[in-house]
Amino acid sequence: MAGTVTHDPPPGTPGRQGGPLIVTEDAALLDDLLRLCAAAGATPEVHHGVPERRGSWEAAPLVLVGDDAARRVRGASRRRGVVLVGRDQDDSGVWRRAVEIGADHVLMLPDGEQWLVDRIADVAEGVGRPALTVGVIGGRGGAGASTLACALAVTSAREGLRTLLVDADPLGGGLDVLLGGEAAEGLRWPAFAGSRGRVGGGALEESLPELHSLRVLSWDRGDCVAVPPQAVRAVLAAARRRGGAVVVDLPRRVDEGVAEALAQLDLALLVVPAELRAVAAAARVASAVGMVLRDLRVAVRAPYAPGLDEREVARLLGLPLAGEVPVEAGLRRPGEGRTPPGAAARGPLARFCTAFLERALIEAGGAG
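Residue positions within a chain follow its written sequence, with the count starting from 1. Selection of residues for local features in this predicted model requires a pLDDT of at least 70, selection of side-chain atom pairs for listing and counting requires 80 or more, and totals for whole chains, interfaces and linings are taken over all residues. Excluded from the side-chain calculations are hydrogens and water; all other atoms, namely the structure's heavy atoms, are used.

What to know about the side chain of Asp167
Numbering goes from the N terminus for both helices and strands, where a helix is a DSSP run of H or I of at least four residues and a strand is a run of E of at least two. Here Asp167 shows up in strand 8 (residues 163–167). Of the side chains with opposite charge, Arg221 lies nearest to the buried Asp167, which makes no salt bridge, at 6.9 Å. For the purposes of these results, a polar contact is taken to be a pair of N or O atoms within 3.5 Å, where, inside protein, one atom must be able to donate a hydrogen and its partner to accept one; residues adjacent in sequence count only when each atom of the pair is a side-chain atom. Separated by 3.0 Å, the side chain of Asp167 and the backbone nitrogen of Leu175 make a polar contact. Only protein chains enter the area calculation, which uses a 1.4 Å probe; residues under 20% of their type maximum are buried, those over 50% are exposed, and those in between are partly exposed. The sign given to each residue is positive for Lys and Arg and negative for Asp and Glu; His and the chain ends receive no count. We define a salt bridge as a contact between a side-chain nitrogen of Lys or Arg and a carboxyl oxygen of Asp or Glu at a distance within 4 Å.

Below, the structure written as structure tokens:
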């Protein structure tokens, strides 16, 4: 069990690495916390009370206080990133003690072990602000969602953001093909099918093909057409921890794996051609996606059928309008000429992507 007392723990400072500070005299609890630190790849500093060394309490990226030590740290300076750790699920007094020491979270073992491993690993990696994570979904087949996803990723990389493009549609033909990199060295989705726990963000990034200054996670040409939901969750969580931007090209169906991907998104764009049949199909997609994702916006693609414009399409779908996706050669015939969508920095598609990313980053408060 893990519960929030006051506010969320702070993100780590980018570039700062280190293990947590553990405060406890409970030998059994210490053994468990040391085991969890080892699983997260972190080396902790251990004390029985508030460290005497000046600044050690304040500087630690995360402080794990055993319930036995709550009284001993009560007079310590207040700071964020303090977790009170105990074992007794029925002890109602733990919440009072957490408030007394200014803890952000109360965590009970063994139920909260995975949450704690993830938090420890975050500080060990020096995690800063999570990546802006954007999904792109076609309102119907052939809507141009994959092209827009590639263009967003190419634009993000050109703007200097660490960027990962994730192909979450195993039947889409492969985004590495669309980017002209099907022969590029690196791992594809099947290599991560066995992932169950935490995936290291740095190791993930280094293992993937690099194309056009961004990393790409796509599918190989084998028979694997799905990975378990746990693997999707682990991989996307690792990608978000690296900061920058993550763009996910999503299929129109929502299965367990897609639901895990949707849960990681900050927002998604539903790409809808401006024709009535496409709007009708997109409404069904929006209904399914909206059960998991709260921020879904519509990006309308011309040409327009009589009586339709981008605002009318958004009104019919009941979704916020992200804008009109401009028409250009790369959007009509993706892959021809092997020039990636959005590569022309002054082209209309790149300008759309730049404006969208600027707005999204401002809404998210920046990107690491």
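Comments concerning the sheet that holds strand 8
At least two bridges found by DSSP between two strands is the condition for calling them paired. Read from one edge to the other, the open sheet built from 8 strands follows the order 9-10-8-11-7-12-13-14, with strand pairing classed as mixed. Looking at the sheet topology across the chains shown, the edges are occupied by strand 9 (210–211) and strand 14 (321–325). With 3 bridges connecting them, strand 8 and strand 10 (residues 214–217) associate as parallel partners. Residue pairing for strand 10: Val166 is matched across the bridge by Leu217. Whether two residues are in contact is decided by their heavy atoms: any pair within 4.5 Å suffices. Lines fitted to C-alpha atoms define the axes, with helix axes restricted to the stretch in contact, and inter-axis angles between N-to-C directions lie between 0 and 180 degrees. Its contacts with the sheet place helix 10 (residues 276–289) against strand 7 (132–138), strand 12 (267–273) and strand 13 (296–301), and it is angled at close to 165° to strand 12.

Thoughts on helix 5 (residues 145–158)
Take the residue count of a helix, subtract one, and multiply by 1.5 Å to get its expected span. Its 14 residues give helix 5 an end-to-end C-alpha distance of 20 Å, which sits within 8% of 20 Å, the value for a rise of 1.5 Å per residue. Counting buried positions along helix 5 gives 12 out of 14 residues, so the element sits mostly inside the fold. All of the buried residues along helix 5 are Ala145, Thr147, Leu148, Ala149, Cys150, Ala151, Leu152, Ala153, Val154, Thr155, Ser156 and Ala157.

Brief notes about a nonpolar patch on the surface
Residues enter a patch when their relative accessible area is above 30% and they make no salt bridge; the linking distance is 9 Å between like charges and 5 Å between nonpolar side chains (Val, Leu, Ile, Met, Phe, Trp, Tyr). Note on areas: Shrake-Rupley, 1.4 Å probe, and residue coverage restricted to the protein chains presented here. Taken together, the side chains of Val254, Met291 and Val292 make up a nonpolar region of the molecular surface, amounting to roughly 280 Å² of accessible area. Relative to the helices and strands, Val254 is located in the loop between strand 11 (245–250) and helix 9 (256–264).

Digging into the pairing of strand 8
Buried residues dominate strand 8, accounting for 5 of its 5 residues. Residues Thr163, Leu165 and Asp167 point to one face of strand 8 and Leu164 and Val166 to the other, with burial holding for every one of them. The pairing of strand 8 with strand 11 spans 5 bridges and is classified as parallel. Each residue of the ladder has a partner; that of Leu165, found in strand 11, is Val247.

Brief notes about the nonpolar core
Formed by 46 residues in total, the largest nonpolar core has its most connected members in Trp189, Leu250, Leu270, Val272, Val313 and Leu317. The set of elements that each furnish at least two residues to this core consists of strand 8, helix 8 (229–241), strand 11, helix 9, strand 12, helix 10, strand 13 and helix 11 (310–317). Of the residues forming this core, the biggest block, 7 residues, is contributed by helix 8. Residues contacting Val272, with those up to four places away along its chain left out, are Gly139, Ala278, Val279, Ala282, Val298, Ala299, Val300, Arg301, Val313 and Leu317. Buried Ala, Val, Leu, Ile, Met, Phe, Trp, Tyr and Cys residues that are joined via side-chain atoms within 4.5 Å together make up what is termed a nonpolar core. One finds Ala153, Leu179, Val216 and Val271 within the second-largest nonpolar core, a separate group that totals 36 residues.

Section: helix 9
Along an α-helix, residues three or four positions apart point the same way, because every turn accommodates 3.6 residues. Among all positions in helix 9, only Gly257, Val258, Glu260, Ala261, Leu262 and Gln264 are buried. Next to the buried residues of helix 9 lie strand 7, helix 8, strand 11 and helix 10. Two to three positions downstream of the cap, the backbone nitrogen of Gly257 sits 3.2 Å from a side-chain oxygen, assigning the N-cap of helix 9 to Asp255.

So, the confidence of the model for the protein chain
Each residue gets a pLDDT score, which is the predictor's confidence in that residue and runs from 0 to 100. This prediction gives the protein chain a mean pLDDT of 88; 90% of its residues lie at or above 70. The element-level mean pLDDT for the protein chain is lowest in strand 1 (residues 2–4), coming to 49, with strand 4 (residues 63–66) highest at 98. For the stretch residues 4–16, pLDDT sits under 50, and the model shows 42 contacts to residues farther than four places along the chain or on other chains.

A short note on the pattern of salt bridges
Across all of its chains, the model carries 23 salt bridges by this definition. Between Arg87 and Asp32 there is a salt bridge, with the nearest N and O atoms lying 2.4 Å from each other. Of the two residues, Arg87 sits in the loop between strand 5 (82–86) and helix 3 (93–101) while Asp32 sits in helix 1 (residues 27–39), which places them 55 residues apart along the sequence. In this structure, Arg221 engages Asp176 in a salt bridge whose closest nitrogen and oxygen atoms are separated by 2.6 Å. With Arg221 in the loop between strand 10 and helix 8 and Asp176 in helix 6 (residues 175–178), this pair connects stretches of sequence that are 45 residues apart. Counted as one network, the salt bridges with shared partners bring together Asp32, Arg35, Arg87 and Glu113.

So, unusual backbone geometry
The residue after Leu109, namely Pro110, is reached through a cis peptide bond having omega 5°. Relative to the helices and strands, Pro110 resides in the loop between strand 6 (105–108) and helix 4 (113–124). For the peptide bond that leads from Ala302 to Pro303, omega is 5°, which places it in the cis range. Along the chain, Pro303 falls in the loop between strand 13 and helix 11. Of note in the backbone geometry, His212 takes a positive phi value of approximately 55° without being a glycine. Within the secondary structure, His212 sits in the loop between strand 9 and strand 10. Residue Ser213 is not a glycine yet carries a positive backbone phi of 70°. Its location among the elements puts Ser213 in the loop between strand 9 and strand 10.

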